[in-house]
Amino acid sequence: MKIAIIGCGQIADAHIQEVSKIANAKVLAVCDSNRFMAKQAALRFAIPGCYTDVRTMLVEVKPDVVHITTPPASHLSLAKICMENGAHVFIEKPFTLNLPEAEELIDFAKKKGCLVCAGHNYTFDPAYQRLLDMHNEGKLGEVTHIDAAMGYNLKGPFGSIFMGDPRHWLHRLPGGVAQNNISHPISLILGLMPAGNVLVKALGFRVRGERYNDARDAFFDEVRAVLVAGHVTANLVFSCRSRPVQTFVHAYGARCAAIACLESRTVRITQGVRMPGPFGKVQWAAQDAKEAGREFFRNFKKILGARLHYFAGMESLIRQFYAAIEGKQEMPIPMTEALRVTSVMDAIINECKANDDKGCFRGGV
Amino acid sequence: MILVTGGAGFLGKEVVRLLVSQYQQSIRCLVRPGTSDSVFKDLFGGELPGSIEIFPASFNDLESLRKAIQGVDIVLHLAASLTGSVPAQISNTVVGSENLFNVCVEEKVSRLVLCSSFGVIGASQISRNGLIDEFTPMEEHPEFRDPYSFTKHMQEQLAWQFYHEKQLPIVVVRPGVVFGPPVDILSSRVGLSLFGMFLHIGGGNLIPLTYKTNCADLIIKAGLVSDIEGEIFCAVDDDLPSSSYLLSRYKKEVKRIMSIRIPYILLRQLAKLNVWYSVKTQGHLPTVFTPYKVDAMWKGHRFSNKKAKELLCWHPIVSMRESLGKTLGHEAQS
């Protein structure tokens with residue numbers, strides 16, 4: 001399978017590395033509007049094709065699949081160009097800028113007979129997959145509520161880039177840094193929720209205080225949302241302040257609760273206790289210790305076996321997408337699921353903006 | 001007028017301080033939008049001298065760059081990313097430099113001094129105890145080195161392209177290990193801290209140190225001395241100490257640390273193991289060490305500053321004895 005990458009920023013490295021683990025796939029070309037960005041990726045990963053023009057690359061390389069890892073505003077137009085040239089498309093999150101764009105993209109894919117996969121790779125993280133298996137096997141009972149949290153470090157590798165440049169593309173996203181990230185916790189929540197409409201209430205805050213008097217002061221750095229679908233509720237937390245930075249999803253079921261932490265790649269179950277009074281508290285702590293111990297040995301074995309890859313979820317998603325293209329399985333993320341995630345994200349961002357002046361942290365702390 | 005980029009950085013601040021206090025020059029400091037001028041005020045006892053103009057601009061903003069360069073004769077280009085992924089560093093350092101170089105060509109500046117790095121030099125091809133100077137060829141495989149060296153290599157190549165094709169009058173300065181308070185004297189050429197233990201890798205190798213004041217002075221002279229366009233200067237001080245000497249003084253004067261000596265031969269074998277494991281496990285651990293990088297950094301070389309002394313009449317302002325005393329003294333206090 002011939003693979004090409006459009007957009008050679010930081011996340012493109014991960015895509016190239018994960019594709020290289022798939023036996024029947026090979027990255028044959030990289031493309032970036034900036035020649036140095038394309039050149040650095042081609043040089044470091046020994047990729048034969050290095051382009052600055054998308055159409056030239058598509059005509060000369062004729063890739064089966066194109067990974068689009070450019071800023072979100074270009075996803076729709078680039079995906080259409082790729083599909084016009086017969087390539088299936090893997091699109092890095094966020095899928096598109098908004099729901100109308102996502103709908104246009106999916107409609108176009110159907111017309112062209114191409115497959116499009118949204119890069120919601122957190123849903124294929126091994127820890128989340130274990131939680132999903134427990135849910136599907138009925139071990140949790142009926143899910144009643146979900147908490148999903150995602151932390152973000154504004155001084156991290158990517159944060160320091162856009163915080164150093166008021167003209168960075170991220171500042172032109174309607175929802176800023178939250179829009180670039182919350183498709184992950186949204187997709188984790190929706191994977192455990194029933195199908196159908198999702199009611200959304202949300203608040204956005206700017207807690208960091210105004211410092212620059214430009215676009216860097218404008219985006220929400222804290223988002224809180226409540227989602228409701230059927231009889232299931234969910235809380236979504238996006239936080240640039242909380243430490244340690246972590247992403248987790250906590251599912252509460254009618255039988256027991258379980259928390260999948262993507263950072264530690266662990267799943268811990270909370271069963272409750274039978275012993276009375278103070279003995280129950282000891283039993284509860286013992287159960288917590290047992291859960292932690294099991295996960296410790298599980299990860300210890302995995303590190304000895306070299307099976308704790310950081311982007312394991314991305315590799316699994318890409319591998320399954322390629323298998324779907326070859327007709328070996330269903331799409332790992334149905335194209336309609338990308339629409340659902342995008343519609344919830346739109347609703348959260350619109351709610352945050354509508355409630356902007358009511359933000360209780362306005363002005364910074 | 002002299003434009004300084006990266007003036008708020010560790011070395012840049014010293015360049016700014018010397019330009020104003022020693023050379024009495026009028027300067028414009030190009031800084032990232034949002035950078036506080038307190039960085040510069042602190043250099044001059046809390047007051048910003050009238051000869052310094054702070055100019056906030058992004059390297060991605062060509063219009064602002066054009067305004068920044070108006071009335072400028074000499075550009076001292078020190079701005080660069082020191083950390084982060086390769087794409088991030090390339091985006092900041094190389095893409096930004098291309099914009100600056102283009103504007104410098106348009107505005108016909110009389111001199112651009114590029115602060116490059118020892119990392120661009122093809123040291124891995126030089127034999128043990130071989131001499132590294134301005135005539136040593138550039139790195140053949142920068143992609144095998146660290147992200148910073150890879151990026152600086154691409155930046156310097158771009159500068160030479162502008163020199164040859166667009167007649168941009170450049171001078172390149174390649175500093176060794178720039179040191180001085182508040183930077184830790186134990187650079188990666190000496191060794192690495194791992195799990196509470198200091199792995200002493202440098203052994204008896206000379207460390208190509210250059211004290212921040214001396215390096216800044218060399219960069220300024222590279223901007224001011226006439227008829228040296230197209231020249232390269234390696235910035236290293238006199239009386240270079242060995243890695244063992246630095247570690248020994250650090251232990252005596254700063255703090256006791258547990259260290260273990262990793263001989264070059266062993267390190268090279270470990271690097272091979274690192275590469276083998278990374279390939280075998282499809283990148284389970286990154287290739288921190290490669291034999292290529294080990295050869296470039298820790299094989300053991302000699303270094304020369306003869307050319308800077310001859311063409312720039314440069315001599316270290318601060319002796320190695322004094323600069324080590326200042327740096328270790330500061331580390332001990334903090």
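Residues numbered from 1 in each chain as written. Chains lettered and ligands numbered in written order. Predicted model: local features only at pLDDT ≥ 70, side-chain atom pairs only at ≥ 80, totals over all residues.

Enquirer: Describe the overall build of chain B, naming the residues involved and giving the relevant values.
Expert: A tally of regular secondary structure across chain B gives 11 helices and 14 strands. For chain B, the C-alpha radius of gyration of 20 Å lies close to 20 Å, the compact-globule estimate for 334 residues. Counting only C-alpha atoms and orienting by the principal axes, one finds that chain B spans roughly 55 × 45 × 40 Å. Out of the 334 residues belonging to chain B, those deemed buried represent 44%. Of the contacts made within chain B by residues no fewer than 6 positions apart, 77% connect residues no fewer than 24 positions apart. (Helix = DSSP H or I, 4+ residues; strand = E, 2+ residues; numbered from the N terminus. Rg over C-alpha atoms; globule rule 2.2 N^0.38 Å. Buried ≥ 20, exposed ≤ 12 C-beta atoms within 10 Å, placed from the backbone. Contact = placed C-beta atoms within 7 Å.)

Enquirer: Describe the interface of chain B and chain A, listing the residues and the values that go with them.
Expert: Contacts between the two partners involve 21 residues from chain B, matched on the other side by 26 residues from chain A. The element that contributes the greatest number of residues to the side of chain B that touches chain A is helix α4 (residues 86-106) of chain B, accounting for seven residues. Classifying every residue of the side of chain B that touches chain A by side-chain character gives eight nonpolar, 10 polar and three charged. (Nonpolar A, V, L, I, M, F, W, Y, C, P; charged D, E, K, R; others polar.)

Enquirer: Tell me about the nonpolar core, and please be specific about residues and values.
Expert: Core analysis: the largest hydrophobic core is formed by 110 residues, its most contacted members being C31(A), V89(A), I189(A) and I348(A). Take this core: its biggest share by element is seven residues, from helix α12 (residues 335-354) of chain A. Counting residues in each nonpolar core, the second largest holds 83 residues, with F59(B), V120(B), I185(B) and V294(B) among its members. (Core = buried A, V, L, I, M, F, W, Y, C linked by C-beta atoms within 7 Å.)

Enquirer: Explain the sheet that holds strand β12 (residues 232-235) of chain B to me, using residue names and the numbers behind them.
Expert: Residue and element names in this part refer to chain B. The sheet built from seven strands is open, its strands ordered β3-β2-β1-β4-β5-β7-β12 with parallel pairing. Two strands lie at the open edges of the sheet, namely β3 (52-56) and β12, each paired on one side alone. Adjacent strand axes in the sheet meet at a mean angle of 20° when their direction is disregarded. In this structure, strand β1 (residues 2-5) lies alongside strand β4 (residues 74-77), joined through four bridges in parallel fashion. Each residue of the ladder has a partner; that of I2, found in β4, is I74. (Pairing = 2+ DSSP bridges. Axes fitted to C-alpha atoms, helices over the stretch in contact; angles between N-to-C directions.)

Enquirer: Residue-level account of the packing of helix α5 (residues 99-112) of chain A against α12(A), with values.
Expert: When two helices pack together, their arrangement is given by the angle between their axes and by how far apart the axes lie. Residue and element names in this part refer to chain A. The contact between α5 and α12 brings their axes to 9 Å, and the two run at 170°. What the angle tells us is that α5 and α12 run roughly antiparallel. Taking contact as the criterion, the partners of L99, A102, E103, I106 and A109 in α5 are, on α12, M335, A338, L339, T342, S343 and D346. A class-by-class count of the residues in the contact of α5 with α12 yields seven nonpolar, two polar and two charged. (Parallel < 35°, antiparallel > 145°, perpendicular 65-115°, else oblique.)

Enquirer: If you had to explain helix α2 (residues 35-44) of chain A to someone new, which residues and values would you point to?
Expert: Residues lying three or four places apart along an α-helix face the same way, a consequence of the helix completing one turn every 3.6 residues. By the burial criterion, the buried members of α2(A) are F36(A), M37(A), A38(A), Q40(A), A41(A) and A42(A). Directly after α2(A), the chain includes A46(A), whose backbone phi takes a positive value near 50°.

Enquirer: Go over unusual backbone geometry with me, naming the residues and quoting the values.
Expert: Cis geometry is found at the peptide bond from R243(A) to P244(A), where omega equals 0°. In this fold, P244(A) is placed in the loop between β10 (232-239) and β11 (247-253). With an omega dihedral of 5°, the bond running from P181(B) to P182(B) counts as a cis peptide bond. Looking at where P182(B) falls in the secondary structure, it is placed in the loop between β8 (177-179) and β9 (191-194). The phi torsion at Q167(B) lies on the positive side, around 55°, for a residue other than glycine. Within the secondary structure layout, Q167(B) lies in the loop between α5 (147-166) and β7 (170-175). Phi is positive for C313(B), which is not a glycine, with a value near 55°. By the secondary structure assignment, C313(B) is in the loop between α10 (306-312) and α11 (320-333).

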